[in-house]
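Each chain is listed here by its residues.
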Amino acid sequence: MTSGDSQGGRGPLGSPLAFASLGFEMLAPILLGAWVGYRLDQWRDTRPWFLVAGLLLGILLSLVGFFRRVWPKGNGGNRK
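In this text, all values refer to a predicted model and were calculated from it rather than measured experimentally.

1. Some thoughts on the overall build of the protein chain
Phase 1: In terms of regular secondary structure, the protein chain is built from two helices and zero strands.
Phase 2: Here the protein chain, with 80 residues, has 12% of them falling under the buried criterion.
Phase 3: Considering only intrachain contacts with a sequence separation of at least 6, the fraction spanning at least 24 residues in the protein chain is 51%.
Phase 4: For the protein chain, the computed accessible surface area is about 6700 Å², with 66% contributed by carbon and sulfur atoms.

Structure, rendered in structure tokens:
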């Protein structure tokens, strides 16, 4: 048993601290998308369309990042 495998079935994230970093990794694209959308709305006077688009894009990117980090790798259906 190695130090990284002390709890056995913790999954791909490893430790509870990884959950905290995952939360920040999900929050960053959402906030960045909202901020960019808000600034574009101010510049183009199109409220709230760029804000909504930025939020949706940020949510989509954070979900993609979440599933890439949590989903088991190498499970493409080639079971032997």
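2. Considering the environment of alanine 53
Phase 1: Residue position: alanine 53 is located in helix α2 (residues 49–70).
Phase 2: With 17 residues separating them along the chain, alanine 53 and valine 36 place their C-alpha atoms 9.7 Å apart.

3. Thoughts on helix α1 (residues 16–44)
Residues spaced three or four apart along an α-helix face the same direction, because each turn holds 3.6 residues.
Phase 1: Relative to the 42 Å expected for 29 residues at 1.5 Å per residue, α1 spans 43 Å between its end C-alpha atoms, a close match to the ideal helical length.
Phase 2: Along α1, the positions that sit buried rather than exposed are Ala18, Leu22, Gly33, Ala34, Gly37 and Asp41.
Phase 3: Close packing links the buried residues of α1 with α2.
Phase 4: Looking one or two residues past α1, aspartate 45 carries a phi angle of roughly 55°, positive in sign.

4. Focus on the packing of aromatic side chains
Phase 1: Per the counting criterion, the structure on display carries two aromatic pairs.
Phase 2: Measuring from ring centre to ring centre gives 5.2 Å for phenylalanine 66 and phenylalanine 67, while their planes differ by 75°; the resulting arrangement is edge-to-face.
Phase 3: Between phenylalanine 67 and tryptophan 71, the aromatic rings sit 6.0 Å apart at their centres with planes inclined by 70°, giving edge-to-face as the arrangement.
Phase 4: Residue classification places tryptophan 71 among the exposed positions, given a relative accessible area of 56%.
Phase 5: Through pairs of rings, three or more aromatic residues link up here, namely Phe66, Phe67 and Trp71.
Phase 6: The ring of tryptophan 43 has arginine 44 sitting right over it, with the charged end atom 5.4 Å from the ring centre.

5. Remarks on a nonpolar patch on the surface
Phase 1: Taken together, the side chains of Val52, Leu55, Leu56, Ile59, Leu63, Phe67 and Trp71 present a nonpolar region at the surface, about 650 Å² in accessible area.
Phase 2: Looking at the element boundaries, valine 52 is found in helix α2.
Phase 3: For valine 52, a relative accessible area of 37% translates into the label partly exposed.

6. Let's talk about α2
Phase 1: End to end, α2 covers 32 Å across 22 residues, agreeing with the expected 32 Å (1.5 Å per residue, within 8%).
Phase 2: Three or more residues of α2 are buried, namely Gly54, Gly58 and Ser62. Viewed along the axis of α2, the buried residues span an arc of 65°, placing them on a single side of the element. Of the residues in α2, the exposed ones pointing more than 90 degrees away from the buried face are Trp49, Leu56 and Arg68.

The rules behind these values
Residues numbered from 1 in each chain as written. Predicted model: local features only at pLDDT ≥ 70, side-chain atom pairs only at ≥ 80, totals over all residues. Heavy atoms only, no water. Helix = DSSP H or I, 4+ residues; strand = E, 2+ residues; numbered from the N terminus. Buried < 20%, exposed > 50% of the residue type's maximum accessible area, 1.4 Å probe, protein only. Contact = heavy atoms within 4.5 Å. Areas by Shrake-Rupley, 256 points an atom, 1.4 Å probe, with all protein chains shown as cover. Expected span 1.5 Å × (residues − 1). Phe/Tyr/Trp six-rings, centres within 6.5 Å; stacked < 30°, edge-to-face > 60°. Lys NZ or Arg CZ within 6 Å of the ring centre and 35° of its normal. Patch = residues over 30% accessible without salt bridge, like charges linked within 9 Å, V, L, I, M, F, W, Y side chains within 5 Å. Salt bridge = Lys/Arg side-chain N within 4 Å of Asp/Glu carboxyl O. Arc of directions from axis to C-beta.

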